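# Observations on chain architecture
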Amino acid sequence: MDMSTNQLTNEFTTSSSGTFAPGWPDSIYVSQGFAGVINVGHDYNPSTNRWEDSTFVSGFDISGSKPKPFAFARAPGRPLNKFATDLYEGHLRVATTTTDWFNTDSTTVNQIFVFQVPAEDQGREMKLVGATGHLGKKNERITAVRFRGDRAYVVTFEQIDPFYVVDLGEPSEPKVIGALEIPGFSQYLHELELDGKKYMLGLGRQDNAIKIGLFDISDEKNPVQSAFHLEEQASSSAGTDSLAFRYLPISQLLIIPKSEWTWTEAGNFDGFVVYSVNATHISPVYEIQHADSQSMYRGCWYNAYLQPRSLVFQSKLTTLLSHSVLGTDLETGDKLFDLNLDKALNNTECHGYFYW
């Protein structure tokens, strides 16, 4: 849909278009002049006589005033999230995991598929021009993926964390050029630069801990984990919610939500942690606690809560989480304001802090 406004009348004009596609909507990928609506569903495979997981892509031309559907593609399996699709130099890349519970050798296949986006006179099908082999070991599935130019960075997991660097420079021959195996796994990857070198910052899990790992990818054939930090007995929604993740490249600070729940009055935490990131160390600088431990366990709370978000403006950090909004001095960690959204709640309608 295209939207424009008349500044004199404040009236919006819109134009829309659509197409039919199998499955149900999963995500939307948007690039310059191109939008891809990603559906997931099932496709019949006559060789196995089974309906199998499939990804369906409807391509729209959004370079003009009205969007126009012009191309489609189908790939086996399902994408992990919105970062599993990318357009680069006329080629759409899609990373998926195919699950086959009937396969006794390996229940999963992880691949990157490369499709050529057709020109106006080349029909409507995005033709498959290349695909990787299986990425990972048996039974592993993709837990994180990021595309950057002609490279893809993929994490798969079942028991250990293989981190792969995939060369997509030749669309018809994508290939793994580097790999690293470490404990735990990443759920979200974020590219950054430190002292002129390229890194990928991974956020995920290791046993019962949050794991933050820094991958040095300057030597693509030999990626290394140059630093990592564990937050034991804690969780962070930023691993699966990229909008809760914030990295500040100038100050080299990472801001993510953290939660701890002990089922007692002591040791509970819900808030944010600010970390300092450099090439060899990831260190907590300070924590921002949105509620004290006892109130989290015994307090009276509304049955809805804010999704974790952080905003930075003029060195002032605002964090939104669960039942409150806090202001913090980014440099010192001093509290600037505390807005409890449940302060006037009627105590006859109480719910737990984490509304399950």
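In case you missed it, the structure is sitting above this.
Not measured: the values here are computed from a predicted model.

## Remarks on the sheet that holds strand β21 (residues 269-277)
As summarised here, the arrangement of the four strands in space is β19-β20-β21-β22, forming an open sheet in which the pairing is antiparallel. With one partner strand each, in any of the chains shown, β19 (246-248) and β22 (282-289) form the two edges of the open sheet. Averaged over all pairs of adjacent strands, the angle between their axes in this sheet comes to 30 degrees, without regard to strand direction. As paired elements, strand β20 (residues 253-260) and β21 share eight bridges and run antiparallel to each other. For S259, the partnering residue across the bridge sits in β21 and is D270.

## What to know about the pairing of strand β23 (residues 306-313)
Pairing of β23 with strand β24 (residues 316-322), which is carried by six bridges, proceeds in the antiparallel orientation. Looking at the pairing, F313 lines up with K316 of β24. Hairpin connection of β23 to β24: two residues between the antiparallel strands, including Q314 at a positive phi of 50 degrees.

## Remarks on the packing of aromatic side chains
To describe a pair of aromatic rings, you give the distance between the ring centres and the angle between the ring planes. Evaluated as defined, the whole model comprises twelve aromatic pairs. Relative to W263, the ring of W261 lies with its centre 5.7 Å away and its plane at 75 degrees, an arrangement referred to as edge-to-face. The exposure class of W261 is partly exposed, given its relative accessible area of 24%. Ring-pair connections join several aromatic residues into one group, and the members of that group are W261, W263, Y297, W301, Y353 and F354.

## A short note on the environment of G213
By the secondary structure assignment, G213 is in strand β17 (residues 209-216). Sequence spacing of G213 and G136 is 77 residues, and the spatial spacing of their C-alpha atoms is 19 Å. Discounting chain neighbours no more than four positions away, the residues touching G213 are M200, L201, G202, Q225, A227, F228 and I282.

## What about the sheet that holds strand β25 (residues 324-329)?
Read from one edge to the other, the open sheet built from four strands follows the order β23-β24-β25-β26, with strand pairing classed as antiparallel. For this open sheet the edge positions go to β23 and β26 (335-340), each flanked by a neighbour on one side alone. For this sheet, the mean angle separating the axes of adjacent strands, direction not counted, is 10 degrees.

## Observations regarding the pairing of strand β6 (residues 68-76)
With eight bridges connecting them, strand β5 (residues 50-61) and β6 associate as antiparallel partners. Its bridge partner being in β6, F56 is matched across the sheet by R74. Joining the antiparallel neighbours β5 and β6 is a turn of six residues.

## Concerning the pattern of salt bridges
As enumerated under the stated definition, the model contains 17 salt bridges in all. Two residues, E220 and R151, come together in a salt bridge whose shortest N-O distance is 2.9 Å. A residue pair is termed long-range when its members are at least 10 positions apart, and E220 in the loop between β17 and β18 (224-231) and R151 in strand β12 (residues 151-157) qualify at 69 residues. Residue E220 is classed as buried on the basis of its relative accessible area, which comes to 18%. The exposure class assigned to R151 is buried, which follows from its relative accessible area of 15%. Where E260 meets K258, a salt bridge forms, and the shortest distance between an N and an O atom there is 3.0 Å. Taking relative accessible area as the criterion, K258 reaches 3% and is therefore assigned buried. Residues participating in the shared-partner salt-bridge network are D150, R151, D167 and E220.

## Side note on the state of the cysteines
Throughout the structure, instances matching the rule amount to one disulfide. With a sulfur-sulfur separation of 2.0 Å, C300 is cross-linked through a disulfide to C350. The chirality of the disulfide connecting C300 with C350 is left-handed, given an S-S dihedral of about -100 degrees. Of the two residues, C300 is situated in the loop between α1 (293-298) and β23 and C350 in the segment after β26; the sequence distance between them amounts to 50 residues. Residue C350 is classed as partly exposed on the basis of its relative accessible area of 39%.

## Examining a nonpolar patch on the surface
A cluster of nonpolar residues, L336, F337, L339 and L341, forms a patch on the protein surface that exposes about 360 Å² of accessible area. As for its position among the elements, L339 is in strand β26.

Criteria and cut-off values
- Residues numbered from 1 in each chain as written.
- Predicted model: local features only at pLDDT ≥ 70, side-chain atom pairs only at ≥ 80, totals over all residues.
- Heavy atoms only, no water.
- Pairing = 2+ DSSP bridges.
- Helix = DSSP H or I, 4+ residues; strand = E, 2+ residues; numbered from the N terminus.
- Axes fitted to C-alpha atoms, helices over the stretch in contact; angles between N-to-C directions.
- Phe/Tyr/Trp six-rings, centres within 6.5 Å; stacked < 30°, edge-to-face > 60°.
- Buried < 20%, exposed > 50% of the residue type's maximum accessible area, 1.4 Å probe, protein only.
- Contact = heavy atoms within 4.5 Å.
- Salt bridge = Lys/Arg side-chain N within 4 Å of Asp/Glu carboxyl O.
- Disulfide = S-S within 2.5 Å.
- Patch = residues over 30% accessible without salt bridge, like charges linked within 9 Å, V, L, I, M, F, W, Y side chains within 5 Å.
- Areas by Shrake-Rupley, 256 points an atom, 1.4 Å probe, with all protein chains shown as cover.

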